[in-house]
Amino acid sequence: MKRFLVLVFALGFIFAGCAEKQAVKAEQPAMQETAQKAAVPEPVKKAEPAPVAAKEEPKRVETVPVTEVVEAKPVMTTFENIHFDFDKYNIRDDAKPTLKVMSDWFVKNKSAKMLLEGHCDERGTNEYNLALGERRAKSTRDYLVSSGVGKDRLDMISFGEERPLCKEQTEECWQKNRRVQFIIKNASEGSRK
Amino acid sequence: MKTGVRCQVSGVSKKRKKVLCPLALLLFCSFALFLLFTIHCSLFTAAAEAKVYVDITSPEVKKLPIAIQEFNGKEGKNIADIIREDLDFTGFFLCLDRAMYIESSLQAFNSKNWTVVGAEAVVKGNVNGEQNLIVTASFYDVFENRELFKKEYKGEKGSVRQLAHSISNDIYKHITGENGIFRTRIAFVAEDEDKKGLYIMDWDGTGIKRLGIKGDFVLSPHWSKDGARLLYSSERGGKWGIYLLDFTKMTERNIFEAKGLNMTGNFFPDGDEIMLASSKDETYGLYSLRISESRLTRITSTRWIEVSPAVSPDGKLVAFVSDKGGTPQIYIMSKNGYDIRRVTFEGSYNTSPGWAPTGENIVFVGRSSGKHQIFTINPDGAGLKQLTDRGNNEDPSFSYDGRFIIFSSDREGVNGIYIMRANGESQKRITPAWLRAFGPRWSPN
């Protein structure tokens, strides 16, 4: 969880510099991946052919799986909301890191399905806002599909301006409300309301 | 259950009571019909001539100076006050201050007492009874020194407002030649414990009732032309469906549901076909639906947003909102989807189109200096007029006589429902301050 948050924040800060951002984006998840892949098979392979080093290896066999479980669970239920500009439904650059993490997560969680909830701020006409919320969900869905997530794993719904996270009349608050929210639909994973 | 015995003069009341109590309805229906005839036959005295006192179709209406005297008897002042409020709101009457009157309510009508105070028409009346009221209203022409009509209205004490509204309707009809809106109702959406439900009230904001429909969210409803049915979109269990409520049976039916966002427009004049916006099968666009056959016809297909279809009163055109030009704007097309043309060009946000009953103009919401205001425009794009300028104003629609516009506004803090004349005059809130209310639509009768 923490690692994930750090990752998101790091990417957010570097957002200003485009070139750098891409480099980091490519690196960090890659590091994460290799670390995990290296960690898991290593003990299995080494434990059998090299019984000589038995003193060190049992420790590694035991510790690595533990950290992996801790890491995987929270990530599954806490995808950050992504945000949109006023009256717009295009995916902003600051949303892309989250979506990248998410498409990676889908690769790992092969049976997972997700509901994409589109929301708007209170300004604007109800019906138009519902359509706007739906388009925000759809842009998000299309973005995830283009990065390899199966279409059938992503459902969409729009709540327009009906479920604001914040009820003050400030730009800060409106920005919070112009969002797509992610609800994991696996039966075993408690969904968030 | 407090079922108001409405004034039997109005045939319209038959439909209204159904909302309140289906059982009482049958009784009243027959009763009302019976009285309808007797009253029409016996009580109209001088309604034969069709003199129009106020030509409300002319652009410069001269208000008719009218004196509305306190009625004698129980609730007499109340009745006179309601009539006064009703007539005053229309903008076609100049209601003279009672302090000016020379003639007392107990005296017989004498035109000399009224010419000096400048009244051209006078209303006098008596109320008899305690629980069951019998109200006799007399309406006089001062210049001609004669009674224009005298009519009897009956009802329970609890239905005194309806009684007074019926008198207003008769006066209005006599003076303008058109039917008044004083017995109409408003269907609207209001919030209760974070859930949005469907509500109904009289046009003056009294008699608010919640309709017991399911679901957490509901959008602005549409009336059928006969006032007996209500069409609306509601989100239930993660699905947006379109529902039809039948007031005669107090039943609700799901008439359309599909994956995606489904939002209903209004009825075509035949009362069976409707327009709707749907993202069914991910083909975004506008559809028509023939309810009796459940037959869906795609009218437009788009990759943009297209919502809020509004069928013109003659059923030939559909106004709608599309962002295909980059911002939401109002467009018009033929019923079959041809001849699409853009209507609004001012501003970057124009939504919620609704037709005037004549089809001569369209009321809509436009964003101006960051706030939402109500505008009217001709279907050809000319004649843009801004009608509101305080707070945010949404969900406008015309009354069925085209004289008034109802809308919602946050100008006084909590979102509430307001009415105004079609030219923007006399804006007033009709819902109480404690009720968060939206999406009003005026009943046709």
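Look up a bit, the structure's there.
To start, this report covers the structure provided alongside it.

Thresholds, definitions, all that
- Residues numbered from 1 in each chain as written.
- Chains lettered and ligands numbered in written order.
- Predicted model: local features only at pLDDT ≥ 70, side-chain atom pairs only at ≥ 80, totals over all residues.
- Heavy atoms only, no water.
- Salt bridge = Lys/Arg side-chain N within 4 Å of Asp/Glu carboxyl O.
- Helix = DSSP H or I, 4+ residues; strand = E, 2+ residues; numbered from the N terminus.
- Buried < 20%, exposed > 50% of the residue type's maximum accessible area, 1.4 Å probe, protein only.
- Contact = heavy atoms within 4.5 Å.
- Core = buried A, V, L, I, M, F, W, Y, C linked by side-chain atoms within 4.5 Å.
- Pairing = 2+ DSSP bridges.

**Some words on the pattern of salt bridges**
Opposite charge on two side chains makes pairing possible when the charged atoms of those side chains draw close.
Part 1 of the reasoning: Applying the stated rule across the entire model yields 36 salt bridges over all chains.
Part 2 of the reasoning: With a shortest N-O distance of 2.9 Å, K138(A) and D142(A) are connected by a salt bridge. Of this pair, K138(A) and D142(A) both sit in helix 6 (residues 126-146), four residues apart, which is roughly one turn of the helix.
Part 3 of the reasoning: For R141(A), the salt bridge identified is with D142(A), shortest N-O distance 3.2 Å.
Part 4 of the reasoning: Given a relative accessible area of 2%, R141(A) falls into the buried group.
Part 5 of the reasoning: Using a relative accessible area of 31% as the deciding quantity, one classes D142(A) as partly exposed.
Part 6 of the reasoning: Linked through salt bridges whose partners overlap, the residues forming this network are D270(B), D272(B), E273(B), R290(B) and K335(B).

**Notes on the side chain of R236(B)**
Residues and elements named next belong to chain B.
Part 1 of the reasoning: The topology assignment puts R236 in strand 11 (residues 229-236).
Part 2 of the reasoning: Here R236 falls in the buried class, since its relative accessible area comes to 17%.
Part 3 of the reasoning: Setting aside residues no more than four positions away along its own chain, R236 makes contact with I213, K214, G215, Y243 and E252.

**Digging into the nonpolar core**
Part 1 of the reasoning: Counting residues in hydrophobic clusters, the biggest one holds 49 residues, and the most contacted among them are I66(B), F71(B), F93(B) and I171(B).
Part 2 of the reasoning: At seven residues, helix 5 (residues 160-176) of chain B tops the list of elements feeding residues into this core.
Part 3 of the reasoning: In contact with I171(B), not counting residues within four places along its chain, are I66(B), I83(B), L87(B), F93(B), V123(B), F139(B) and F149(B).
Part 4 of the reasoning: Counting residues in each nonpolar core, the second largest holds 39 residues, with L115(A), C120(A), V318(B) and I377(B) among its members.

**Some words on the pairing of strand 5 (residues 146-156) of chain B**
The two faces of a sheet get side chains in turn, since along a regular strand they alternate between them.
Residues and elements named next belong to chain B.
Part 1 of the reasoning: Note that strand 4 (residues 132-141) and strand 5 share 10 bridges and pair antiparallel. Across the sheet, the residue bridging to F139 is F149, located in strand 5.
Part 2 of the reasoning: In this structure, the hairpin formed by strand 4 and strand 5 is closed by a connection of four residues, where N145 is found at a positive phi of approximately 50°.

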